[in-house]
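Letter by letter, the chains look like this.
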Amino acid sequence: MALIIRSLLDFLVISSISLVVLQQKSNGEDQLLMLQKPRLMKCRFDKIFQLGDSLSDTGNCIRENLCARGFLCGRFPYGMNFFQNTTGRCSNGMLMIDFIVAGATALSTENLAEEKIVNSVTNSSLSVQLDWMSTHFKSTYPTDRLSKLKKSLFLVGEIGGNEFNYGLFKGKTLKELRSMVPKVVQTIIQGVRTVISFGATRIIVPGNFPIGCLPIFLTQFRTSDSTAYDEYHCLQDLNDLAIFFNDHLKQAIQELKEEHSNIALVYGDYYNAYMWLLQNAMFLGFDKNSLLKACCGIGGDYNYDVHNQCGAIGVSVCTDPSTYISWDGVHLTEKTYSWLARWLIDDMLPKLNCHV
C-alpha cells in the first residue's frame, strides 16, 4: 500500500526545529534576523497526510511493481545519512515530510497520453492516491470520520511538476507545456475538493520549485546564451514556467477558499522557499561553488549525466552532502529539505488557524 500516515512527532523530527530567518539588509549584507522555537507543535495535529511525488516518497515506489523497476532511489548511496540504509527516499537522508509515490503525476496516465506524454515510471497519479486514501479512511474510520480528521493536517502535493518534467524530456515546447497548466491545476483542485469531502479542515497545497535551478535541466538545456540565465545562473524560461504554474494554482486555491470559508486552505510556497535558501546558501553552510551541482553524480558543469545517474555503478558521491543543495540533480539533500521545511512552517503557520 502506498499510503503512509505519520504521527506529528515523526513530522517534527525533520521540520519543527528552531528557525533562523535571513534577509537582505539595505546595505546588501545578509543578517541573521531571529531565532524562533518550534511552533507547529501548538497546532496539536495528531496525524499528517500527504499526497505527492518523489519529493515526499518514503519508500512506496519500491513497493510498486512498475515504479520499482530500475528505481535508483532504492539503491545506495541513497539514504547514506539516514541510518546508512536505503529506504526509497530520493535523498541522502530525510525529506520535508515522509509519505507517497515517486514519479507521480497529477494527471492520470490516460490524460498524459492524450498530450503525447508517456509516464513509464508509475501509474500512481493523484486520483489513484486519493482512492487509496479513501479506502484507508473507510477501513480505519468506519464511523465518525469527519470528527476524527479535524485534528489532521493534509498536504495535497507537491504534485503536478512531473507533467512538465516528462514533457520537457519528450521535446514539448514551453508554449505546449503552458497550455497544459489549467488542466493540471484543475486536477489538483479536484483532488483538494475530494480531501475536503473526507473531512479535512486544514489543507496545504504546495506549488513547484524553480526548476530552472536544478542540475538536471541546467545540463539538458545548457546554452551559450548568457541572457537565458538569471542572476543565480538558473534558466529563466524554466523558472518562468514554474511561476506561471504557481500563479494559476494560487488563483485556483483562492477561488476554492471563497467556496469553503470554514477551511484553512494554504498555498505552500516552495518556489520562494527555495529561492530564499539559494540567496542565503553560504550563510546556511552550503558551498558557494556547488550551489547548482549534484552531490551524487558525475560529469559536466553540474555534476549530472542523465545516462549515469546517482545509484549507478561508478557514480561518485561528494565528501559532504550537507554542503550541497542538490542530492542527485533532481532531488535535494536532507539539509536542504530541513531548511526548506523551517521556512515553510514559518510562512504557513499563521494561515493554518492554529491560534498559536
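Residues numbered from 1 in each chain as written. Predicted model: local features only at pLDDT ≥ 70, side-chain atom pairs only at ≥ 80, totals over all residues. Heavy atoms only, no water.

**A word on the state of the cysteines**
Worth spelling out the cut-off: Any two cysteine sulfur atoms lying within 2.5 Å of each other are counted as a disulfide. A helix here means a DSSP run of H or I that spans at least four residues, while a strand means a run of E at least two residues long, and both kinds are numbered starting from the N terminus. Partly exposed residues are those whose accessible area sits between 20% and 50% of the maximum for their type, while under 20% is buried and over 50% is exposed, using a 1.4 Å probe and protein chains only.
Tallied over the full model, the rule gives 3 disulfides. The side chain of Cys213 participates in a disulfide bridge whose partner is Cys234; the two sulfur atoms lie 2.1 Å from each other. Between Cys213 and Cys234 the disulfide shows an S-S torsion of about 110°. By sign, it is right-handed. Residue Cys213 is found in the loop between strand E6 (202-206) and helix H8 (215-220), and its partner Cys234 is found in the loop between H8 and helix H9 (236-259); the two are separated by 21 residues along the sequence. With a relative accessible area of 0%, Cys234 lands in the buried category. Across a sulfur-sulfur distance of 2.0 Å, Cys295 and Cys318 are joined as a disulfide pair. Where Cys295 bonds to Cys318 through sulfur, the torsion about that S-S bond is close to -85°, and the disulfide is left-handed. Taken together, the residues Cys295 in the loop between helix H10 (270-279) and helix H11 (334-348) and Cys318 in the loop between H10 and H11 connect sequence positions 23 residues apart. Given the relative accessible area of 2%, Cys295 is considered buried. According to the relative accessible area criterion, Cys318 is buried, its value standing at 13%.

**Overview of the nonpolar core**
Generally speaking, soluble globular proteins have nonpolar side chains that are buried together. Using the following cut-off: In this text, buried Ala, Val, Leu, Ile, Met, Phe, Trp, Tyr and Cys residues form a nonpolar core when linked through side-chain atoms within 4.5 Å. We call two residues in contact when some of their heavy atoms are within 4.5 Å.
Of all hydrophobic cores here, the largest spans 80 residues; its most connected members are Phe154, Ile203 and Ile325. Ranked by residue count, the leading element in this core is helix H7 (residues 174-198), at 11 residues. Excluding anything up to four places from it in sequence, Ile203 contacts Phe154, Val156, Val192, Val195, Ile196, Ile263, Ala264, Leu265 and Val266. If you look at the next biggest cluster of nonpolar residues, it comprises 9 residues, including Cys295, Cys296, Cys318 and Trp327.

**Overview of the pattern of salt bridges**
Filter applied, for reference: The term salt bridge refers to a side-chain nitrogen of Lys or Arg lying within 4 Å of a carboxyl oxygen of Asp or Glu.
On inspection of all chains with the given rule, the structure shows 4 salt bridges. With a shortest N-O distance of 2.8 Å, Arg222 and Asp301 are connected by a salt bridge. Of this pair, Arg222 sits in the loop between H8 and H9 while Asp301 sits in the loop between H10 and H11; the two residues are 79 residues apart in sequence, bridging distant segments of the chain. You can call Arg222 exposed: its relative accessible area is 54%. Between Asp347 and Lys351 there is a salt bridge, with the nearest N and O atoms lying 3.6 Å from each other. Take Lys351: its relative accessible area is 42%, and that puts it in the partly exposed class.

Remember, this is a structural readout, not a statement about activity or role.
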